[in-house]
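# Analysis of the macromolecular model
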Amino acid sequence: MLEYAVRRSIRLGASQAEAFFTDDMDTNILIEKKQVKIGQVKRDRGIGIRVLVKKADGATTGFSYLTDLSRNTIGEAAKSAIATARVRKADKDLKSFQMKAHAGQVGDIFDRKVVRTDPSDLVEIGESMLKESSSDLRVSTVSGNIYSSVSRMAVVNSLGVSASYRSTAFGGNTYVVTESNGSIGVGWESYSSTHYDQEKMIHVAKDAVEIAARQLKPKPIQSGSYDLVVDQEGFADLLMNTFVQELRADLVQKNQSPLAGRTGSESASRSVSFIDDPSMPRLQGSKPFDTEGCPTKPRTVVDKGILRGFLHNSYTSNKENTENTGNAMRYIMFGAKSEYALEPITGPHNLVLKPNKGEREDLVREVRNGIFVRGFIGAHTSNVQSGDFSVAMDCMLRIENGELTHPIKQAMIGGNMPAILRQIRVVGGNSKQVIMGPRMTLYAPTILIEGVTVSA
Amino acid sequence: MVIAERAVRLSERLGAEYADVRVERMHSTEIRLTQDTFDQVASGVDQGIGIRVLYKGVWGFGSSTSLKPIDISKTVKAAFDAAKATGPHAKEKVALAKVPMAKRTVATSVRMPMQSVSMEQKMKLTSETSAAARIDDRIASVTVTYNDSSGETVLATSEGTRLVGKPSRGSIVVVAVAKSGEKVGAIRERDGMQSGFELFEKVDPRGLAKKAAERALKLLGATHAPSGRFTAVADQKLAGVLAHEAIGHASEADHVITGESVLKDKIGQRVGSDLVTMYDDSTYPGGWGTAVYDSEGVLAERRLIIEKGFLKGYILNREAAAQLGMEPNGGARAQSFVHRPIVRMSNTYLTSRDQSLEELLEDVDCGVYLKGSRGGQVDTAKGSFQFSAEEGYLIEKGQLSKPLSDVSLSGMTLETLMSIDGVADDFQISIGLCGKGGQVATTGMGSPHIRIKNAVIGGK
């Protein structure tokens, strides 16, 4: 089918053509109000056809997608993509789609057990999670979901790229509300992997209850400067809406990133090293090639605080005449479009913050006057272009002299992501994967950020 | 309709107490122009089926992008398997509030069908919009996004409802960024309508672009906002976001039922000051969230949520209406066939009172004026929220003074509603997108200017 789409596009007049395909089979069980509520099974597959048309002063691309995979519709989509390419103004930097290459090496990202999972297996996990959370009588509501997913991604183009891989995904989250004497506490926890793990999901429920229970009877705090111990989810949320976007070569080239021109300079504290690693086993962002068929491999993005490079796809690397890092990804920041319905931009696979050592508690012990925070509310309102953000903190505990003392009523932080990255003093060792986008994760431990202005 | 009816019959044969099937074929276009280069010019067709079955009091849902008979049978079966797996564990059985059967075709009034307009013309509109924002050398970047979607939707239920929809909508979003030295100011303006391409006779993309650029330039002179408690005056956009995020989400009946809403058990009680009246209105003419029927085939209504400070109602789907013993009001929406219908807002707004903006400002000695919205988020259970304004001004002795950047408003919903002590007479509604349960919905958010005492303002 993909080969047909490519052949058809070339016959219709494209200089180069690419067909990108994803096929996802998702099973999802929702928990609402302390009960397993609804099961959903979704099959989503489609093809995105991209063509390149050469012109006297450069080239253009056109794109069209379809979910009705008949030959007729494929022909229509190819025609539409070519029509778009014809009317677009030529871009002299647009040279070629991805050339044929050997796929990268990837750890284990396919679990047969996930393939065999049916709705009743997930319901059973849900029941165990509910049982676990009912042990605390203060729990007033539990909601969440458990999912398993089997995917195939494939890219074929007229330059000889013909690659496909399969992966699985498993995970879920839970959200717990506790009530006691008129006070309400909220807690949540999540787990994600490519492999089935019932025990981990039960732990998620247990941890969420513990967190929610600790949020009861919050006290106000004074505005001022605090050290923050930030958990993985919160850090991922902030990063995705600021730093990750700033690393995108497509945005850098359009002068829309504050990191433009800063390669080789200090952009984070010395304790911070980021590697975009698409090869790690069991991470949902691992893949042997990107959405244009470029092989992937681990790449250092920030080395001990020094910015080493940006995330490129075929277009941005051709434009700068630099190596393609294999970071063509298809997603939109706010929305729910399938990957086949989008043209590639750039993004990380698994942004790995190199771990040091220590658990959450070890980081807390290092803080005299601070706040432990699990998440941020409103991170999507950050200003990508400047890295400025102003967010409310979620699930907070006060840290006094190395001890977690009490939950906190309401507090916000404002700041600038480049500055925050320079204020990271300690990186823990408790790495965890958090989903940032489709086939895109952050793999990071808890971190300690020094001297953050908090308004309460 | 034939496909949908076949899936309904198949569901019934397998023992469904109730089934609804949505089949859609939607054409969409997305054009994004960044810094005068098109980085997304995409069109496509989304086609598929979503099947929801109620079996022994439990829901199952299946969706597929394939409409082949064999795949439809598989999807129906998958929905049943999901329901059967959940069934033995469900403590509460689902009941649905009774609603009249509906048979109708609802078409958006269209003069210039989206698909009859060439990609070239849509791209031209996008570039002209971008050019209109280039009013000053300090405008460092302009991004314009054009979107349209149109097509046909079908809903068939086992109760005999047969609805055909012919929706069509289009929108344009402009983000202008001004830079000067280290200072950066970003502003987003957007507008759209449910209409054919002729909507751009009413919506003025170039005007939006110019406005975005002018506002972004103003931010260059702004200082960071102070932090602490102030009297806040919010413009129509930000107050609309407050209505949507803080109150709207808490009035969604699914949150009420799961205990994740501060408005739970508060019908008839005071939840805000006398000045607060709020609707969630599916009937608002031309609204971004307007619909004749909801995704369950229920007539969509104008829902009174708060009247003069007293909580009057919730947004309901059929299941929630039955559970709460209330009359259904057509508040279920699904983003597309891929998703099941869930309780959603439509056009949510606070109504006007009789003061002018000047009157709201005049007795403020020291306060903050917040304008525009970069979005927000809410925890409906705790009733806490956070919104970021695009721009702000200090209010000193009743007058707007210094411009402020990166200013946000956070607080507790009920406390904030009680603290609204001024509502102006200058109602405006704008378009927005709302995310919930992995689905995105087009919503309208509206309000006049409002004043909030003792609000928590966060700066940098």
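This is a predicted model, so every value here is computed, not measured. (Residues numbered from 1 in each chain as written. Chains lettered and ligands numbered in written order. Predicted model: local features only at pLDDT ≥ 70, side-chain atom pairs only at ≥ 80, totals over all residues.)

### Quick word on the overall build of chain A
The helix and strand inventory of chain A stands at 11 helices and 21 strands. For 456 residues, the compact-globule estimate of 2.2 N^0.38 gives 23 Å, and chain A sits close to it at 23 Å. When each of the 456 residues of chain A is scored for burial, the buried share is 59%. (Helix = DSSP H or I, 4+ residues; strand = E, 2+ residues; numbered from the N terminus. Rg over C-alpha atoms; globule rule 2.2 N^0.38 Å. Buried ≥ 20, exposed ≤ 12 C-beta atoms within 10 Å, placed from the backbone.)

### Quick notes on the overall build of chain B
Scanning chain B for helices and strands turns up nine helices and 26 strands. The C-alpha atoms of chain B give a radius of gyration of 23 Å, which matches the 23 Å a tight globule of 460 residues would have. A principal-axis box enclosing the C-alpha atoms of chain B has dimensions of 70 × 55 × 35 Å. Every one of the 460 residues in chain B was classed for burial, and the buried ones make up 60%. For chain B, contacts bridging at least 24 residues in sequence account for 74% of all contacts bridging at least 6. (Contact = placed C-beta atoms within 7 Å.)

### Let's talk about the packing of helix α4 (residues 119–133) of chain A against helix α2 (residues 69–86) of chain B
Angle between the axes and distance between the axes: these two values describe a pair of packed helices. At their nearest, the axes of α4 of chain A and α2 of chain B sit 8 Å apart, and the two run at 30° to each other. Considering their axes alone, α4 of chain A and α2 of chain B lie roughly parallel with respect to each other. Here the hand of the crossing between α4 of chain A and α2 of chain B comes out right-handed. Between α4 of chain A, through Pro119, Ser120 and Val123 of chain A, and α2 of chain B, the contact on the second element is made entirely by Asp81, Ala82, Ala85 and Thr86 of chain B. By residue class, the composition of the contact of α4 of chain A with α2 of chain B is four nonpolar, two polar and one charged. (Axes fitted to C-alpha atoms, helices over the stretch in contact; angles between N-to-C directions. Parallel < 35°, antiparallel > 145°, perpendicular 65-115°, else oblique. Left-handed = near helix turned anticlockwise from the far one by under 90°. Nonpolar A, V, L, I, M, F, W, Y, C, P; charged D, E, K, R; others polar.)

### Observations regarding the interface of chain A and chain B
In this assembly, 64 residues from chain A lie in contact with 71 residues from chain B. Secondary-structure elements contributing two or more residues to the side of chain A that touches chain B are β2 (35–55), β3 (58–66), α2 (71–87), α4, β4 (139–157), β6 (183–193), β15 (388–400) and β17 (412–416) of chain A. Per-element tally for the side of chain A that touches chain B: the top contributor is β2 of chain A, with 11 residues. When grouped by side-chain class, the residues that make up the side of chain A that touches chain B number 21 nonpolar, 28 polar and 15 charged. Here β3 of chain A pairs with strand β2 (residues 37–55) of chain B via four bridges, running parallel. Paired with Leu66 of chain A across the bridge in β2 of chain B is Val45 of chain B. (Pairing = 2+ DSSP bridges.)

### Examining helix α1 (residues 2–11) of chain A
Residue and element names in this part refer to chain A. For α1, the full list of buried residues reads Leu2, Ala5, Val6, Arg8 and Ser9. Down the axis of α1, the sector holding all buried residues measures 165°, keeping them to one side. Facing away from the buried side of α1 by over 90 degrees, the exposed positions are Glu3 and Arg11. Gly13 sits one or two positions beyond α1 and adopts a positive phi of about 120°. (Arc of directions from axis to C-beta.)

### Observations regarding the nonpolar core
With 199 residues, the main nonpolar core has Ile47 of chain A together with Val174 and Ala176 of chain B as its most contacted residues. Here this core takes nine residues from β2 of chain B, the largest share from any one element. If we skip the residues at most four places from it in the chain, Ala176 of chain B touches Ala133, Ile139, Val142, Ile187, Ala212, Ala213 and Ala216 of chain B. Counting residues in each nonpolar core, the second largest holds 66 residues, with Ala253, Ala291, Ala332 and Val378 of chain B among its members. (Core = buried A, V, L, I, M, F, W, Y, C linked by C-beta atoms within 7 Å.)

### Observations regarding the domain arrangement of chain B
Frequently, the measure chosen for interface size is the accessible area that the parts lose on association. Residue and element names in this part refer to chain B. What the domain assignment reports for chain B is domain 1 (2–219) and domain 2 (223–458). Once you take the C-alpha centre of each, domain 1 and domain 2 turn out to be 23 Å apart. Listed per partner, the contact involves 33 residues of domain 1 and 25 residues of domain 2. Looking at the side of domain 1 that touches domain 2, the elements with two or more residues in it are β1 (18–34), β2, β3 (58–64), β5 (139–157), β8 (183–194) and α4 (205–219). In terms of residue count, the dominant contributor to the side of domain 1 that touches domain 2 is β8 (seven residues). When grouped by side-chain class, the residues that make up the side of domain 1 that touches domain 2 number 15 nonpolar, nine polar and nine charged. (Domains from an automatic or database assignment.)

### Let's talk about the sheet that holds strand β24 (residues 428–436) of chain B
Residues and elements named next belong to chain B. Judged by pairing direction, the sheet is mixed, and its six strands sit side by side in the order β13-β12-β11-β16-β25-β24 without closing on themselves. Each having just a single partner strand, β13 (310–311) and β24 make up the two edges of the open sheet. This element, helix α5 (residues 236–248), spans β11 (278–281), β12 (302–307), β16 (347–350), β24 and β25 (439–447) of the sheet and lies at about 125° to β25.

### So, the sheet that holds strand β20 (residues 440–444) of chain A
All names here are of chain A. Read from one edge to the other, the open sheet built from six strands follows the order β10-β9-β8-β13-β20-β19, with strand pairing classed as mixed. The strands lining the two open edges of the sheet, one partner per strand, are β10 (306–307) and β19 (432–437). In the sheet, strand β9 (residues 299–303) pairs with β10 via two bridges, with the strands oriented antiparallel. When the sheet's bridge partners are listed, Asp303 is paired in β10 with Ile306.

### Side note on helix α1 (residues 2–13) of chain B
Residue and element names in this part refer to chain B. The end-to-end C-alpha distance of α1, which contains 12 residues, comes to 16 Å, matching closely the 16 Å that a straight helix rising 1.5 Å per residue would cover. For α1, every residue scored as buried is listed here: Ala4, Ala7, Val8, Leu10 and Ser11. Seen from one end, α1 has its buried residues packed into an arc of 165°, which puts them on one side. In α1, the exposed positions that point more than 90 degrees away from the buried face belong to Val2 and Arg13. Count one or two residues on from α1 and you reach Gly15, which has phi positive near 105°. (Expected span 1.5 Å × (residues − 1).)

### Thoughts on the packing of α4 of chain A against helix α5 (residues 198–214) of chain A
Residues and elements named next belong to chain A. It is at 8 Å that the axes of α4 and α5 come closest, and there the two elements cross at 30°. On the basis of the axis angle, α4 is roughly parallel to α5. Helix-helix and strand crossings are classified by hand; for α4 and α5 the assignment is right-handed. In this structure, α4 uses Ile125, Ser128, Met129, Glu132 and Ser133 to contact α5, whose residues at the interface are Gln198, Met201, Ile202, Ala205, Lys206 and Val209. In terms of residue class, the contact of α4 with α5 is built from six nonpolar, three polar and two charged.

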